[in-house]
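Chain residues, written in single-letter form:
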Amino acid sequence: MKAVQYSGTIHQPVTIFELDIHQPADWLEIQVYFRIKKWQHLFLWDPNGRLRWQYVHVHAPKTAVIHKNEKLSDYGTLPGALPLGTWKLEVLILPEHLPVQHKLNITAGTGLCSSSGEWSNDQKQYWANADGKAPMQANLYPMTKAKKCGPAWYRGDFHTHTAMSDGKMTVKEGMVQARKQKLDFFAATDHNLLPTMWVEDEKVLVIPGMEVTSSKGHFNALGLTSWVDWRPTHPDGGMESEQGMNRVVSEIKKAGALFSINHPRLAASSWLFNDTSLSDIDSFEVWNDPTFPKNLQATEEALLLWNELWNAGYCVCGIGGSDCHGLPTESYEPNGLPSVIGDPATYVYSSELSARAILQSVKERRVYVTRGPIIDQTVEINHETFMIGEDVSDLIHRMEEAVVRFKVKVDPVPGGKLLWIENGKVIDEQLMDGSSEYESCAQWKSGEFVWRRLEIRSDTGNLLAFTNPVFSGTKPPEIDTWGQLLAKAGLV
Ligand SMILES: [Zn+2]
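As the structure is a prediction and not an experimental result, all values here were calculated from the model.

Asker: Sorry if this is basic, but what is going on with the coordination of the zinc ion here?
Answerer: Only H159 (NE2), H161 (NE2), E211 (OE) and D323 (OD) from the protein reach the zinc ion as donors, at distances of 2.0 to 2.2 Å. Coordination geometry of the zinc ion: the 4 donor atoms subtend angles of 83 to 169 degrees at the metal centre, consistent with an arrangement described as irregular. D323 sits in the buried class, given a relative accessible area of 8%.

Now the structure itself:
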């Protein structure tokens, strides 16, 4: 067994602690202590330049084991053989949180490891091993494996957290909640962590992701299976600079993940990267945690931005995310509803329940978001039927001009309203009068760019659900960047 202890005070934003391993080892254990919890980020690099462990110091256990046997290796680790040589433990601390007292124990050993991580008994599915591409890859994640076959509307959540970062529920507790909320899928999007394993579940599909969390905005990399270097210590400034963030976005897209901007107008977490190219945006979190008081205003502004994005010619999918951090017994407001996974729920019409198919359907905008109403919407043009999110240009072009019939079946909401929004404006408003079927008509012409979507609101005007637009035509983009979009929406 070989052990080193480092203790004292860290004065630098980046500090490297080393451990030389000269004898074969089965495991490596790290114990973490900082006098204050301030989102210290830790990375363990092996002598071959592989990232073997990532850690955010908020609610995660204080001990982690990186093991050659995957079954004994903790969340956030890359299991597998431990090469001999110099291992480096990198600690990142934001300059405003310096100095900070620390104690770090790193131990390498063979045979039984005295303290396996707190969550080591979970039945896990393993997504990564050291055979993947460096520095870290969820190379075993089954992108195309379906939990359910056949086309259907699948109920999910694209924004969740666990105690791996700053959430309060463990991975296992989150899974229990997902089942209680009858979710078919959710995206695991802890802050700045690539998930390398998860709790096994027969029914609920877990899509790997990461919430890249900078001081100038947060985005979800949905379907991410490769670690990208978001660190502010990267020569281009990483996620803290415009140039660095553009690189991070382009790398996650190259890795096959969706670039989804989160809560774009939520107070200190608004998206402030003016150089972000609008053509890079794959999806847009229009509706973040409705139980968080500041989201009442932020969601209305996000809807406004989404309208302007479409009006500028970008047919980007709008999604929802609970961004759930707390326990199901807690709420942000006294006597308020708890913030729970699946509120709002994002329904995706997909050919099957696999990560690949769900993400493809998001790209195709077959999506609606709801806090309750289950929406069955079809669009009829000349006896042909289309669904939410579809581009009907071909038919409109062939017919030159056509009547477009939007038909909705939805359970009545007392006092509720249906708002039909065309090219950003409410053009039709219907009271939910107890009937469960509604219709709204449009006359669309070939050559024009026109889109229409539905919102359902309560008697007090609160958002209850929205669909993605059905549209016809194209528009050469008149703006290119996020900064221009904010200006166009009057939000600068
Ligand atoms: Zn979040």
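There's plenty left to go through after this.
Asker: I'm lost on the domain arrangement of the chain in this one. Help?
Answerer: Accessible area lost on assembly of the parts is the figure often given for the size of an interface. Under the domain assignment used here, the chain contains domain 1 (2–120) and domain 2 (149–372 + 475–488). Together, the buried faces of domain 1 and domain 2 total about 1800 Å²; carbon and sulfur atoms form 70% of this surface. On inspection of domain 1 and its partner domain 2, the count reaches 1 salt bridge. Across the pair E90 and R231 runs a salt bridge whose closest N-O atoms are separated by 2.7 Å. In this assembly, domain 1 and domain 2 are joined by 8 residue pairs in polar contact (both at pLDDT 80 or more).

Asker: Sorry, what's going on with the side chain of H161 here?
Answerer: Locating H161 in the fold gives a position in the loop between β10 (149–160) and α1 (171–180). Judged by its relative accessible area of 4%, H161 falls in the buried class. At a separation of 3.3 Å, a polar atom in the side chain of H161 contacts the main-chain carbonyl oxygen of T189. Of the polar contacts made by the side chain of H161, one reaches the side chain of D323; its length is 2.9 Å. Setting aside residues no more than four positions away along its own chain, H161 makes contact with D166, G167, T189, D190, H191, E211, D323, C324 and H325.

Asker: Honestly, helix α2 (residues 242–254) in this entry has me stumped. Any pointers?
Answerer: In an α-helix, one full turn covers 3.6 residues, which means residues spaced three or four apart are oriented alike. Taking 1.5 Å of rise per residue, 13 residues should cover 18 Å, and α2 covers 18 Å from first to last C-alpha, within 8% of that figure. Inspection of α2 places G244, M245, R247, V248, V249 and I252 among the buried residues, and these make up the whole buried set. Against the buried residues of α2 lie β13 (205–214), β14 (217–222) and β15 (258–261).

Asker: Whenever I open this one, the sheet that holds strand β4 (residues 40–45) confuses me. Can you help?
Answerer: To summarise the sheet geometry, strands pair through backbone hydrogen bonds and adopt either a parallel or an antiparallel arrangement. If you trace the 4 strands from one edge of the open sheet to the other, you get β2-β7-β4-β5, paired in antiparallel fashion. Single-partner strands in this sheet number two, and they are β2 (14–21) and β5 (51–57). Ignoring strand direction, the axes of neighbouring strands in this sheet form an average angle of 15 degrees. Sheet topology places β4 next to β5; 6 bridges connect them, and they run antiparallel. Of the residues in β5, the one forming a bridge with Q40 is H57.

Asker: Looking at this model, I keep getting lost on unusual backbone geometry. Mind explaining?
Answerer: The general pattern is negative phi for most residues beyond glycine and trans for most peptide bonds. Along the chain, L98 connects to P99 via a cis peptide bond; the corresponding omega equals -10 degrees. The linkage connecting D343 with the following residue, P344, adopts the cis geometry, with an omega of 0 degrees. Summarising the element assignment, P344 is placed in the loop between β17 (317–321) and β18 (345–352). In this structure, N192 takes a positive phi of about 60 degrees despite not being glycine. What makes N192 buried here is its relative accessible area of 2%.

Asker: Any chance you could explain empty space enclosed by the protein here in plain terms?
Answerer: Once rolled over the atoms, a probe with the size of a water molecule shows which space is left empty. Across all of its chains, the model carries 4 cavities of 30 Å³ or more by this definition. The computed volume of the second largest cavity comes to approximately 90 Å³. In this structure, the second largest cavity is lined by 14 residues; those nearest its centre are M164, D190, L194, P195 and W198. Among the residues making up the lining of the second largest cavity, the classes are represented as 8 nonpolar, 5 polar and 1 charged. Two domains each provide a minimum of three residues to the lining of the second largest cavity, namely domain 1 (2–120) and domain 2 (149–372 + 475–488).

Asker: What am I meant to see in the layout of surface pockets here?
Answerer: By volume, the largest pocket is sized at about 830 Å³. Around the largest pocket sit 35 residues that line it, and W39, T213, S214, S215 and H218 are the ones nearest its centre. In terms of residue count, the dominant contributor to the lining of the largest pocket is β13 (3 residues). Per-class residue counts for the lining of the largest pocket are 15 nonpolar, 13 polar and 7 charged. Among the domains, domain 1 (2–120) and domain 2 (149–372 + 475–488) are the pair contributing at least three residues each to the lining of the largest pocket. Around the second largest pocket, the lining is made up of 27 residues, and of these W287, P290, T291, R371 and L463 lie nearest the centre. Listed by contribution, the elements that provide at least two residues to the lining of the second largest pocket are α3 (295–311) and β27 (463–467). The element contributing the most residues to the lining of the second largest pocket is α3, with 4 residues. Taken together, the residues of the lining of the second largest pocket break down into 10 nonpolar, 11 polar and 6 charged.

Scoring rules and cut-offs
Residues numbered from 1 in each chain as written. Predicted model: local features only at pLDDT ≥ 70, side-chain atom pairs only at ≥ 80, totals over all residues. Heavy atoms only, no water. Donors = N, O, S within 2.8 Å, 3.2 Å for Na, K, Ca; no water. Tetrahedral: all angles 85-135°; square planar, octahedral: opposite > 155°, others 65-115°. Buried < 20%, exposed > 50% of the residue type's maximum accessible area, 1.4 Å probe, protein only. Domains from an automatic or database assignment. Buried area = accessible area lost by both parts, 1.4 Å probe. Salt bridge = Lys/Arg side-chain N within 4 Å of Asp/Glu carboxyl O. Polar contact = N/O pair within 3.5 Å; in protein donor to acceptor, adjacent residues only side chain to side chain. Helix = DSSP H or I, 4+ residues; strand = E, 2+ residues; numbered from the N terminus. Contact = heavy atoms within 4.5 Å. Expected span 1.5 Å × (residues − 1). Pairing = 2+ DSSP bridges. Axes fitted to C-alpha atoms, helices over the stretch in contact; angles between N-to-C directions. 1 Å grid on protein atoms, 1.4 Å probe; cavity = no way out; pocket = protein on both sides within 12 Å on 5 of 7 lines; lining within 4 Å. Points joined across faces, edges and corners; volume = space filled by probe spheres on them. Nonpolar A, V, L, I, M, F, W, Y, C, P; charged D, E, K, R; others polar.

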